[in-house]
Amino acid sequence: MENNATLSVGEKAINLKKEVKKIAVIGLGYVGLPLAVEFAKQYPTVGFDINAERVSELSNAFDKTLEVENDLLKKVISKDSPEGKSGLYVTTNVGGIEDCNVYIVTVPTPTDKYNRPILVPLQKSSESVGKVLKKGDYVIYESTVYPGLTEEECIPILEKMSGLSFNEDFYVGYSPERINPGDKEHTVAKILKVTSGSTPEAAEFIDQLYKSVITAGTFKASSIKVAEAAKVIENSQRDINIAFVNELAKIFNLMGIDTHEVLAAAGTKWNFLNFRPGLVGGHCIGVDPYYLAQKAQEVGYHPEIILSGRRLNDSMGNYVAGEVIKLMIKKGISVKQANVLMLGITFKENCPDIRNTRAIDIYRELVTYSVNIDVYDPWASSEEVQHEFDIPILTKTEEIKLGHYDAIILAVSHAEFMAMDLTTFKKDSAIIYDVKGVLDTSIIDQRL
């Protein structure tokens, strides 16, 4: 059903059905594809991505990220660019988005090995949009950035490539993504959306555009910088809270106290924050704080708490590996050439996403002790893991050897693992370490 919303902004009326000629979504990953599908239910939509394989799969109604069900893709995917009607056309050709008048950029914003922001995807996508930008068009950024980046980095590129003037010929907005990969309950339409625009009129148009597809509603921020800052602190706050309980886990382990029992007791107070220790990876929580830290340092402030939390969370993989080795030694298990089974390599449960997974840190640290490690993950792509980390993985339960392992580590709590009898894979004297704190305590030797 197409949207016919009409409202007033000052003396100007906005009719979305009339004003939105065609929407382009730049980047069709975990964020861009679900958003494009939502818009495609009501508006002519074009999805642009430089990954030809990805576009080919989506053209055939297949999403390997599992964020959008294939049956839904079949309903919205169009073999040709939709004209005047709803539908989603996907392409690698920048010419396919030249007749759009709303451009939404959802490309990744990662960090390098020194934890410095990598802006190349954002810059390149801005160049692509700038080449086709026209008078009256809107460009909306969703990629997580530090406050001020949209205006300092992206807008100058748009002006240079298009030859147009910002806020005279075209307008810009920022509406941070809040998608939680693998979460089938909190989907894009059910998560309240923060919006903003470069002028009051642009902010209202952008807010109403998102409101037409986001059933949870919107919150219109007062400026682009406020919206940028709101997003980057969401994940920084969560990162710091997890770092706190990770530090507690280290302390209580030295004291012989079960951290999860402590948290259960403390959680009986109504205002206690319910965080659990664990590995902090993924494309958001493990990355976004570095964007805020980078900007803070540029303006002359060294962010002690933010960076301290990052250091602690980044150390947890090595910590887990060290605890496993200690437990093996205490049980008299010879560490060198010991056989270890690690369950899970994705960054979170029930999701194929391996971006910035910290489970790999456990693997790499254990390798330094000359142990033999089998990694089993039915959700991960063996080809993707091989390409990204240069390690083989098992993807089928029957590939796991019975009674073979000296140590078993639950690194990710996939539903499949909860249904397995882990004791059938271990030797009699083997240890089981529970990173997620979800296994029956009667079968484990220690949990984080």
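Scroll up to find the structure this text is about.
Since the model is a prediction, treat every value here as computed from it, not as a measurement.

Trainee: I keep staring at the environment of tyrosine 210 and nothing clicks. Help me out?
Mentor: Secondary-structure assignment places tyrosine 210 in helix 7 (residues 200-211). Taking relative accessible area as the criterion, tyrosine 210 reaches 0% and is therefore assigned buried. Considering only alpha carbons, one finds tyrosine 210 and phenylalanine 39, 171 residues apart in sequence, at a separation of 8.7 Å. Not counting residues up to four positions away in its chain, the partners in contact with tyrosine 210 are Leu35, Phe39, Ile104, Ile140, Glu142, Ser175, Lys193, Thr195 and Thr218.

Trainee: How should the pairing of strand 8 (residues 171-174) be read in this particular structure?
Mentor: In summary, the side chains of a regular strand alternate between the two faces of the sheet. Across 4 bridges, strand 7 (residues 138-141) lies against strand 8 in parallel orientation. Within the sheet, the bridge partner assigned to isoleucine 140 lies in strand 8 and is glycine 173.

Trainee: Would you take a moment to explain the sheet that holds strand 8 for this structure?
Mentor: Sheets are built from strands paired through backbone hydrogen bonds, the pairs being either parallel or antiparallel. Spatial ordering of the open sheet is given by 5-4-3-6-7-8, a layout of 6 strands whose pairing is parallel. If you trace the sheet from one side to the other, it starts and ends with strand 5 (87-91) and strand 8, each paired once. Strand-to-strand twist of the sheet, defined as the mean angle between neighbouring strand axes without regard to direction, takes the value 20°.

Trainee: Looking at this model, I keep getting lost on the pattern of salt bridges. Mind explaining?
Mentor: Think of it this way: side chains of opposite charge can pair up when their charged atoms draw near. Tallied over the entire structure, the rule returns 21 salt bridges. Linking aspartate 207 and lysine 211 is a salt bridge whose minimum nitrogen-to-oxygen distance equals 3.6 Å. Here aspartate 207 and its partner lysine 211 are both found in helix 7, 4 residues apart, which amounts to about one turn of the helix. Taking relative accessible area as the criterion, aspartate 207 reaches 4% and is therefore assigned buried. For aspartate 258, the salt bridge identified is with arginine 447, shortest N-O distance 2.9 Å. Separated by 189 residues along the polypeptide, aspartate 258 in the loop between helix 8 (224-255) and helix 9 (259-266) and arginine 447 in strand 15 (residues 446-447) bring together distant segments of the chain. Since its relative accessible area comes to 22%, aspartate 258 is described here as partly exposed. In this structure, a network of salt bridges that share partners links the residues Lys22, Glu83 and Asp99.

Trainee: Any chance you could explain the packing of helix 12 (residues 316-330) against helix 13 (residues 359-367) here in plain terms?
Mentor: Helices that pack against each other are described as a pair by the angle of their axes relative to one another and the distance between those axes. Between helix 12 and helix 13, whose axes approach to 7 Å, the crossing angle comes to 50°. Judged by the angle between their axes, helix 12 and helix 13 are oblique. Of the two possible hands of crossing, helix 12 and helix 13 adopt the one that is right-handed. Within the contact between the two elements, helix 12 uses Gly317, Asn318, Val320, Ala321 and Ile325 and helix 13 uses Asp361, Ile362, Glu365 and Leu366.

Trainee: It is not clear to me how helix 13 should be interpreted in this structure. Could you clarify?
Mentor: Each full turn of the α-helix corresponds to 3.6 residues, which orients residues three or four apart in the same direction. For helix 13, the complete set of buried residues consists of Ala359, Ile360, Asp361, Ile362, Tyr363 and Leu366. On its buried side, helix 13 packs onto helix 11 (304-314), helix 12, strand 11 (339-343), strand 12 (372-376), helix 14 (382-389) and strand 13 (405-410).

Trainee: Explain the side chain of glutamate 142 here, please?
Mentor: Positionally, glutamate 142 belongs in the loop between strand 7 and helix 6 (149-162). Polar contacts involving the side chain of glutamate 142 include one to the side chain of lysine 193, which spans 3.0 Å.

Parameters at a glance
Residues numbered from 1 in each chain as written. Predicted model: local features only at pLDDT ≥ 70, side-chain atom pairs only at ≥ 80, totals over all residues. Heavy atoms only, no water. Helix = DSSP H or I, 4+ residues; strand = E, 2+ residues; numbered from the N terminus. Buried < 20%, exposed > 50% of the residue type's maximum accessible area, 1.4 Å probe, protein only. Contact = heavy atoms within 4.5 Å. Pairing = 2+ DSSP bridges. Axes fitted to C-alpha atoms, helices over the stretch in contact; angles between N-to-C directions. Salt bridge = Lys/Arg side-chain N within 4 Å of Asp/Glu carboxyl O. Parallel < 35°, antiparallel > 145°, perpendicular 65-115°, else oblique. Left-handed = near helix turned anticlockwise from the far one by under 90°. Polar contact = N/O pair within 3.5 Å; in protein donor to acceptor, adjacent residues only side chain to side chain.

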